[in-house]
Amino acid sequence: MLVHGMKPYVHDHDRLGRRVALGWTLLAALLIVFVSLAPFRFDASPAAVERNIGVFKASLLWPRDVTWHWVRDLATNFVFYLPLGLLLPWAQRPRHRSGSIFGLSLGALLSLALEALQVFAVARYPSFTDWLMNSAGHAFGYGIMAIIIGHYRLGPAILLGRREGTSRERLAAGLRTLYLSLLVPLSLLPLDISVQAIRLWERLQGGGDAAGRILLDPTGPWDAERLAGMVRAFALLLPAGFLDRLARGRRGGLLQAMLLGAVVALLIESAQLVVLSRTSDVMQPLAAALGAGFGALAAMLLLAPADRAAELAPAERRRAILPLAILGYCLILMVVSWRPFEFLDSPMAVARKLRFETSWIPYLHYLHTRSLASWLDIGREIGWYIPLGLLMGLWLDHGRVRWRARVRVALGLALVLAVGIFFELGQSMIVGRYVDLTDMLNHGLGGLAGLILARLLRSETRVGQK
């Protein structure tokens, strides 16, 4: 509902925010049901039911030997229901949220129903302590969030990021939030999670009994499975780019949508590292960025002509494109640093290589040789990181936060060093590559040179403007 000369009512935006929060709450409840009952095999025979009831009776007693595993299990069950309690208050109206017995007890009711179903489940056992910790986790999250919302007078409109805009923009913002909040957890199913280093290493090598792999080489091999993953990433981020362009209105463009797609895909691929049946591919963020960009382009073609003609200011374009340029150049640095992508056969081999074959004394080898090849190697290591420092400096200069010049240089140097140290330490996994502290320092020198160059370019721009 609109009034001439006034912004849209906040209540409409709050209603949309409650619907988004309700979608999140239902998703959290579905994930709880899935994890609690998987693999969904049931046995109603008297022997199986009697066995599970016996396990439940045993859980009523305090264990004689309190082990670390038992304490960790209690903490896991507490945290498991915490998101449900944190989300539910946002989906309720204020009058229903205040002193809501239903809100506080929903976790207990859901856990009680699932524990009752586990009496008939195969490979699942009901437990009183699990029910108690699940109920406590939900009630704690619900109570804390209800107090925070009431104290600071927050509304569910905050979930959509902003209050202003047309009805179409606000609706698109809510749908975008709901779509991405569903896409991220669904991409991690069936939640067969393992953080064991040996399982990660098997997937990195393409072996083991896990269905998924970890693909870090952008140059190949490009088999049918990898191409299908790229197509899926492209298609799944198309709606996100379309909704993002509609939500931004005249302020949006292709670059913002592509950055959104790349960031979301990077988050998903990082989380899929610990999911055994999922494949993590370093190239999927690029495919997702292209998909989101095409979705935004489709939205631009469907908008009104006046809206299509709107363009971003040059500063906004630079602010949007520089993170993508930094991400792309980091990908180039990874290829340069980790080729030929032939990994060692075990984590123990990596540990031995780090201990016995790493040079932790800078420039010692170069002082002994003093050959032209050594100086060329130093120049190459410095030169590769000059563009990264330049891009980092330009990004910090055009950021929304106005840092002082020294702070920008220090922050940019820290980021460049972090990238250089990460890629250098990653060479301990590669056959024929070795970690050298000298290379890390050279990376810092190259980044510093690039940051100084960015500072000089900014100074020249200001002089030209005067």
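Residues numbered from 1 in each chain as written. Predicted model: local features only at pLDDT ≥ 70, side-chain atom pairs only at ≥ 80, totals over all residues. Heavy atoms only, no water.

**Overview of the overall build of the protein**
Then, number 1: For the protein, the helix and strand inventory stands at 19 helices and two strands.
Then, number 2: Out of the 466 residues belonging to the protein, those deemed buried represent 42%.
Then, number 3: Look at the contacts in the protein between residues 6 or more apart in sequence, and 81% of them connect residues 24 or more apart.
Then, number 4: Summing over all exposed atoms, the protein offers an accessible surface of approximately 25,700 Å²; the carbon and sulfur share of this is 69%. (Helix = DSSP H or I, 4+ residues; strand = E, 2+ residues; numbered from the N terminus. Buried < 20%, exposed > 50% of the residue type's maximum accessible area, 1.4 Å probe, protein only. Contact = heavy atoms within 4.5 Å. Areas by Shrake-Rupley, 256 points an atom, 1.4 Å probe, with all protein chains shown as cover.)

**So, the pattern of salt bridges**
Then, number 1: Scanning the model with the defined rule gives five salt bridges in all.
Then, number 2: Residue R248 is joined to D244 by a salt bridge in which the shortest nitrogen-to-oxygen separation is 2.9 Å. Taken together, the residues R248 and D244, both in helix 10 (residues 224-248) and four residues apart, mark about one turn of the helix.
Then, number 3: Linked by salt bridges that have partners in common, R176, D244 and R248 make up one network. (Salt bridge = Lys/Arg side-chain N within 4 Å of Asp/Glu carboxyl O.)

**Observations concerning the packing of helix 6 (residues 101-117) against helix 7 (residues 128-152)**
Then, number 1: Interaxial distance between helix 6 and helix 7 falls to 8 Å at its minimum, and their mutual angle equals 155°. Considering the angle they form, helix 6 stands roughly antiparallel to helix 7. Where helix 6 crosses over helix 7, the handedness of that crossing is right-handed. Between helix 6 and helix 7, the contacting residues are G103, L104, L106, G107, A108, S111, L112 and E115 on the first element and D130, W131, N134, S135, H138, A139, Y142 and G143 on the second.
Then, number 2: Among the residues forming the contact of helix 6 with helix 7, the class breakdown is seven nonpolar, seven polar and two charged. (Axes fitted to C-alpha atoms, helices over the stretch in contact; angles between N-to-C directions. Parallel < 35°, antiparallel > 145°, perpendicular 65-115°, else oblique. Left-handed = near helix turned anticlockwise from the far one by under 90°. Nonpolar A, V, L, I, M, F, W, Y, C, P; charged D, E, K, R; others polar.)

**Thoughts on a nonpolar patch on the surface**
Then, number 1: A contiguous nonpolar patch, built from L254, L286, L290, F294, L297 and L301 and spanning about 540 Å² of accessible area, is present on the exposed surface.
Then, number 2: For the nonpolar patch, the element with the highest residue contribution is helix 12 (residues 284-302), accounting for five residues.
Then, number 3: Tracing the backbone shows L290 in helix 12.
Then, number 4: Of the residues examined, L290 reaches a relative accessible area of 39% and is grouped as partly exposed. (Patch = residues over 30% accessible without salt bridge, like charges linked within 9 Å, V, L, I, M, F, W, Y side chains within 5 Å.)

**Things to note about the nonpolar core**
Then, number 1: Within the largest apolar cluster, 25 residues are counted, with the highest numbers of intra-cluster contacts made by Y385, L388 and F423.
Then, number 2: Elements represented by at least two residues in this core include exactly helix 9 (197-205), helix 14 (314-338), helix 15 (347-356), helix 17 (372-397) and helix 18 (405-426).
Then, number 3: The dominant element in this core, judged by the number of residues it contributes, is helix 14, at seven residues.
Then, number 4: When near neighbours in sequence (up to four residues on either side) are disregarded, Y385 contacts L333, V416, V419, G420, F423, H443, G446 and G447.
Then, number 5: In this structure, L183, A240, V264 and A288 belong to the second largest nonpolar core, which totals 10 residues. (Core = buried A, V, L, I, M, F, W, Y, C linked by side-chain atoms within 4.5 Å.)

**As for the side chain of Q284**
Then, number 1: Following the sequence through the fold, Q284 ends up in helix 12.
Then, number 2: Residue class for Q284 comes out buried when judged on its relative accessible area of 12%.

**As for the confidence of the model for the protein**
Then, number 1: Per-residue confidence for the protein gives a mean pLDDT of 80; residues scoring 70 or more make up 83%.
Then, number 2: Here residues 304-312 is modelled with pLDDT under 50, and outside its nearest four sequence neighbours on either side it reaches 13 contacts, counting other chains as well.
Then, number 3: The model gives residues 460-466 a pLDDT under 50, and that stretch makes one contact with residues more than four places away or in other chains. (pLDDT = per-residue confidence, 0-100.)

**A look at the environment of L82**
Then, number 1: By secondary structure assignment, the location of L82 is in helix 4 (residues 82-91).
Then, number 2: Spatially, the C-alpha atoms of L82 and A136 are 8.5 Å apart, while their sequence positions differ by 54 residues.
Then, number 3: The contacts of L82, once residues within four sequence positions are left out, are G137, F140 and G141.

**Description of the packing of aromatic side chains**
Then, number 1: Scanning the entire structure with this criterion turns up eight aromatic pairs.
Then, number 2: Ring plane angle 35° and centroid distance 5.8 Å describe the contact between F128 and W131, whose orientation is recorded as tilted. With F128 and W131 both in helix 7, this residue pair falls three residues apart, about one helical turn.
Then, number 3: We classify F128 as partly exposed; its relative accessible area is 29%.
Then, number 4: When the centroid spacing of 5.9 Å and the interplanar angle of 50° are considered together, the rings of W338 and F422 count as tilted. Taken as a pair, W338 in helix 14 and F422 in helix 18 lie far apart in primary sequence, 84 residues in all.
Then, number 5: Since its relative accessible area comes to 4%, W338 is described here as buried.
Then, number 6: With a relative accessible area of 52%, F422 lands in the exposed category.
Then, number 7: Taken together, the ring pairs in this structure connect W338, F422 and F423 into an aromatic cluster.
Then, number 8: Here the basic side chain of K353 rests over the ring of Y434, its NZ or CZ set 4.8 Å away from the ring centre. (Phe/Tyr/Trp six-rings, centres within 6.5 Å; stacked < 30°, edge-to-face > 60°. Lys NZ or Arg CZ within 6 Å of the ring centre and 35° of its normal.)

**Some remarks on the environment of L333**
Then, number 1: Within the secondary structure, L333 is located in helix 14.
Then, number 2: On the basis of relative accessibility, which here comes to 1%, the residue L333 falls in the buried class.
Then, number 3: Each C-alpha atom, one on L333 and one on V419, is 9.1 Å from the other, the two residues being 86 residues apart in sequence.

**Quick word on helix 17**
Then, number 1: In a regular helix each residue adds 1.5 Å, so 26 residues correspond to 38 Å; helix 17 covers 37 Å between its end C-alpha atoms and thus fits that length.
Then, number 2: Of the residues making up helix 17, those classed as buried are S374, D377, I378, E381, Y385, L388, G389, L391, M392, G393, L396 and D397. (Expected span 1.5 Å × (residues − 1).)

**Considering the packing of helix 17 against helix 18**
Then, number 1: Between helix 17 and helix 18, the least distance of the axes is 9 Å, while the angle of their chain directions is 140°. As the angle between them shows, helix 17 and helix 18 are arranged oblique. The two elements helix 17 and helix 18 cross, and the hand of that crossing is right-handed. Along its contact with helix 17, which presents Y385, L388, G389, M392, W395, L396 and D397, the element helix 18 presents R408, L411, G412, L415, V416, V419, G420 and F423.
Then, number 2: Its residues placed into classes, the contact of helix 17 with helix 18 shows 10 nonpolar, three polar and two charged.

**Considering the side chain of D217**
Then, number 1: Tracing the chain through its elements places D217 in the loop between strand 1 (214-215) and helix 10.
Then, number 2: It is R339 that comes nearest to the buried, bridge-free D217 among opposite-charge side chains, at 4.3 Å.
Then, number 3: Non-local contacts of D217, meaning those with residues more than four positions away in its chain, are made with R226, R339 and F341. (Lys, Arg positive; Asp, Glu negative; His and termini not counted.)

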